[in-house]
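A structural walkthrough
Each chain, written out:
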Amino acid sequence: MMLQKREVEGSGFRYPIELHEDLSGLREKLESLKKVSRFFIITNREIAGIYEKYLIQEIQSLSVPYTIIYAKPGEKNKHIDRLKKVFHEMVKSDADRKAVIVAFGGGVIGDFAGFVAASYQRGIRFVQVPTTLLACVDSSVGGKVAVNLDLGKNMIGAFHQPEFVFAPMFTLSTLPEKEWSCGLAEIVKHAFLDGGEFLNRLTHVKRSDFSAGSEVLRYCIDESVRIKSNVVGQDEKEGGLRAILNLGHTTGHAIESLTQYKKYSHGEAVSIGLITALLLSRKILGFSDSNLSKAVQIMKSLSLPVRLKEKPADVLTHMEHDKKKEGKTLNFVLLEDFGKPKFGVPVERDLILEVLKFQKGWEELG
Ligand code: NAD
Ligand code: GLY
C-alpha cells in the first residue's frame, strides 16, 4: 500500500518518490515503464538474504524478463573496479538501451547501480528501491550517482535521475542501529535547513519513536523528501543552492577520513559536523544561543553524537587536505537562523580551530 508521495521536478526531469508499506505495487510500477527489454536488479547478498523472497514474490509475474546481479556490500565495493563485472553480466544477458536497472538497497547500491545506469551504453533508465533510512531520505532522491577511486570517494560520477523512487518501509525493520543514525543525521540536517514546523516537531521526539512503520518516521521521511526535492528541483547540478545540502559535511568528512572511516558511521560524523557548523554560524552569522541549545537538545534526544573527541588541529588538517583542489579558503554552509542557510561562506582557519576546541570542551554537550 502506498503511504505517501512527493514529486521532484526540475528542468528536464520529473518523477515520483513514493513511500510504500512493503513491496506490493512494485510490479505495477515497473510494468508502467514503456518499452523495457529486461530489468537488471542490482542488490547485495546481505539485503537479498532477507528480502529477495519478497522481491521475487512481487516481480515473478512481470511480463518483462529480469536478471538479479549481486554486488558486494559495503562502501569499499562502491568502487570503479567493481563496474566491469556488472557491465559484462549485462552484455552477456544482451542488455540493450531499453534495459532498466533497479537499485535495490541502501545508498551504496543506489549510487553504484545508478552509475551503471548512467554509463551503460551512454545511459539507460533506472529505478531506486531504497532499503536504508539514509537512502529513503537522501541518496535515492536527486540523481547524484557515483563510484569511488582509491584516491577519493565519489570521484567518478554523474547526475542521472531515476524514473521513480519506490521506498518499501518494511525493510527498515531489519536496519542495524548505526544505520539509523546515518538517516537520522540527514533528517536533522534537513530540519535545520528548513526551520518551520518540521524542526519544532523534532523537539518533541526521541530515538525510540523511530521504528519501521511509526508515524514519526513517516512524517520525517516525507518532510526530508519534500526539502531535498525542492532544492534539487531548483539546482540539479549543484551550480549553487544544492550546496546547502552539505551542511555539517565539511567537518563530518574530515572526522571520517581522520579516523579512517572506522570509528564513526557517516551519520555520526555528520552529526558532530552539524554542531561545528552551528558554532561557526553563531560566531559569523549571529546564529542565536537559544537555537544552538535547541539543536543540541534535538540531537541528544535522537542519540546522535555532538561532542568532538578528536584533536582540533588534526581535524583542521583533514579539512584542508579535502579542500586542496578548491584552493586555500575553507568554505562552509552556515545558518543565519534555522531555515536560513548560506553556502560558500569563507572561514579563517584560526576561527575554525577556536570553534573545534570549544566543541571538544563544551560542557553543555554532556
Ligand atoms: P549502505 O548502502 O552501505 O547500507 C548500510 C548497510 O546496511 C550495508 O551493509 C547494507 O548491505 C545493509 N542494509 C541495507 N538495507 C538493509 C536493510 N533493510 N536491512 C538490513 N541491512 C540493510 O549505506 P547507506 O547509509 O544507505 O548509504 C551510504 C552511501 O550513500 C555512501 O556511499 C554515500 O556516499 C552515499 N550517499 C549518496 C547520496 C546521493 O545523493 N547520491 C547522498 C548521501 C549519501
Ligand atoms: N547529499 C547531497 C546532495 O544530494 O546534493
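- Taking an unreviewed UniProt entry as the reference, the protein is identified by name as 3-dehydroquinate synthase belonging to Leptospira idonii.
- What the UniProt record of the protein gives under Function (unreviewed entry) is the line "Catalyzes the conversion of 3-deoxy-D-arabino-heptulosonate 7-phosphate (DAHP) to dehydroquinate (DHQ)."

Remarks on helix α9 (residues 249-258)
- Counting buried positions over the 10 residues of α9 gives nine, a clear majority of the element.
- Residues of α9 that are buried: His-249, Thr-250, Thr-251, Gly-252, Ala-254, Ile-255, Glu-256, Ser-257 and Leu-258.
- After α9 finishes, the residue Gln-260 shows a positive phi value of roughly 50°.

Let's talk about the site of ligand 2
- Close to ligand 2 lie Asp-138, Lys-144, Lys-228, Glu-238, Arg-242 and Leu-245.
- Separating an oxygen atom of ligand 2 from a side-chain N or O atom of Lys-228 is a distance of 2.6 Å.
- Within the complex, 86% of the 200 Å² of free accessible area of ligand 2 lies under protein.
- Across the shell around ligand 2, the residue classes tally to one nonpolar, no polar and five charged.

Remarks on the site of ligand 1
- The environment of ligand 1 is made up of 25 residues, and the closest members are Glu-46, Glu-75, Gly-107, Thr-132 and Thr-174.
- Between Thr-132 and ligand 1, the recorded distance is 2.6 Å, taken from a side-chain N or O atom to an oxygen atom.
- Mapped onto the shell around ligand 1, the elements with two or more residues apiece are α2 (45-59), α4 (107-119), α5 (133-139) and β8 (152-159).
- Of all the elements, α2 adds the most residues to the shell around ligand 1, at four residues.

Details of the side chain of Thr-67
- Mapped onto the elements, Thr-67 comes out in strand β4 (residues 66-71).
- A relative accessible area of 17% means that Thr-67 is categorised as buried.
- Within the structure, the side chain of Thr-67 is placed 2.8 Å from the side chain of Arg-38, a separation counted as a polar contact.

Considering the UniProt feature "domain: 3-dehydroquinate synthase N-terminal" (unreviewed entry) in the protein
- The UniProt feature table records "domain: 3-dehydroquinate synthase N-terminal" (unreviewed entry) at residues 70-180.
- The span residues 70-180 is 31% helical and 29% strand by assignment, and the distance between its end C-alpha atoms comes to 24 Å.

Regarding the nonpolar core
- Formed by 81 residues in total, the largest nonpolar core has its most connected members in Leu-133, Val-188, Phe-192, Leu-202, Phe-210, Ile-221 and Met-319.
- Not counting the four nearest positions on each side in its chain, Val-188 is found in contact with Leu-202, Leu-274, Ile-298, Met-299, Leu-302 and Leu-304.

Side note on the pattern of salt bridges
- If you walk through the whole model with that rule in mind, you get 22 salt bridges.
- The salt bridge involving Lys-144 is made with Glu-238; its shortest N-O contact spans 2.6 Å. One end of the pair, Lys-144, is in strand β7 (residues 144-149); the other, Glu-238, is in the loop between α8 (215-234) and α9, and 94 residues separate them in sequence.
- Through salt bridges that share partners, Glu-75, Lys-78, Asp-111 and Lys-153 make up one connected network.

Comments concerning α8
- Taking 1.5 Å of rise per residue, 20 residues should cover 28 Å, and α8 covers 29 Å from first to last C-alpha, within 8% of that figure.
- α8 sits mainly inside the fold: 14 of its 20 residues count as buried.

Focus on the environment of Ala-118
- Topologically, Ala-118 is positioned in helix α4.
- Along the chain, Ala-118 and Gly-143 lie 25 residues apart, while their C-alpha atoms are 9.8 Å from each other.
- In contact with Ala-118, other than residues within four places in its own chain, are Gly-123, Val-145, Ala-158 and His-160.

Describing the packing of helix α10 (residues 266-285) against helix α13 (residues 349-361)
- As a packed pair, α10 and α13 sit with axes 10 Å apart at the nearest point and diverge in direction by 120°. As far as their axial angle goes, α13 and α10 are oblique. Where α10 crosses over α13, the handedness of that crossing is right-handed. On the side of α10, the interface is formed by Ile-272, Ile-275, Thr-276, Leu-279, Leu-280, Arg-282, Lys-283 and Ile-284, while α13 contributes Leu-351, Ile-352, Glu-354, Val-355, Leu-356, Phe-358 and Gln-359.
- Considered class by class, the residues forming the contact of α10 with α13 number 10 nonpolar, two polar and three charged.

A closer look at the packing of aromatic side chains
- Taken as a whole, this structure holds nine aromatic pairs when the rule is applied.
- Between Phe-198 and Tyr-219, the ring centres sit 5.9 Å apart and the planes meet at 75°, which makes this aromatic pair edge-to-face. With Phe-198 in helix α7 (residues 196-202) and Tyr-219 in helix α8, the pair connects residues that are 21 residues apart, well separated along the chain. The same class applies to Phe-198 as to Tyr-219, namely buried.
- Ring geometry for Phe-287 versus Phe-338: centroids 5.1 Å apart, planes at 90°, classification edge-to-face. Separated by 51 residues along the polypeptide, Phe-287 in the loop between α10 and α11 (289-301) and Phe-338 in the loop between β10 (330-337) and β11 (340-347) bring together distant segments of the chain. With respect to class, Phe-287 is no different from Phe-338; both count as buried.
- In this structure, Arg-201 is placed above the aromatic ring of Tyr-219, and the distance from its NZ or CZ to the ring centre is 4.5 Å.

Rules used throughout
- Residues numbered from 1 in each chain as written.
- Chains lettered and ligands numbered in written order.
- Predicted model: local features only at pLDDT ≥ 70, side-chain atom pairs only at ≥ 80, totals over all residues.
- Heavy atoms only, no water.
- UniProt positions renumbered as here; feature names shortened; annotations may be inferred.
- Buried < 20%, exposed > 50% of the residue type's maximum accessible area, 1.4 Å probe, protein only.
- Helix = DSSP H or I, 4+ residues; strand = E, 2+ residues; numbered from the N terminus.
- Near = heavy atom within 4 Å.
- Polar contact = N/O pair within 3.5 Å; in protein donor to acceptor, adjacent residues only side chain to side chain.
- Areas by Shrake-Rupley, 256 points an atom, 1.4 Å probe, with all protein chains shown as cover.
- Nonpolar A, V, L, I, M, F, W, Y, C, P; charged D, E, K, R; others polar.
- Core = buried A, V, L, I, M, F, W, Y, C linked by side-chain atoms within 4.5 Å.
- Contact = heavy atoms within 4.5 Å.
- Salt bridge = Lys/Arg side-chain N within 4 Å of Asp/Glu carboxyl O.
- Expected span 1.5 Å × (residues − 1).
- Axes fitted to C-alpha atoms, helices over the stretch in contact; angles between N-to-C directions.
- Parallel < 35°, antiparallel > 145°, perpendicular 65-115°, else oblique.
- Left-handed = near helix turned anticlockwise from the far one by under 90°.
- Phe/Tyr/Trp six-rings, centres within 6.5 Å; stacked < 30°, edge-to-face > 60°.
- Lys NZ or Arg CZ within 6 Å of the ring centre and 35° of its normal.

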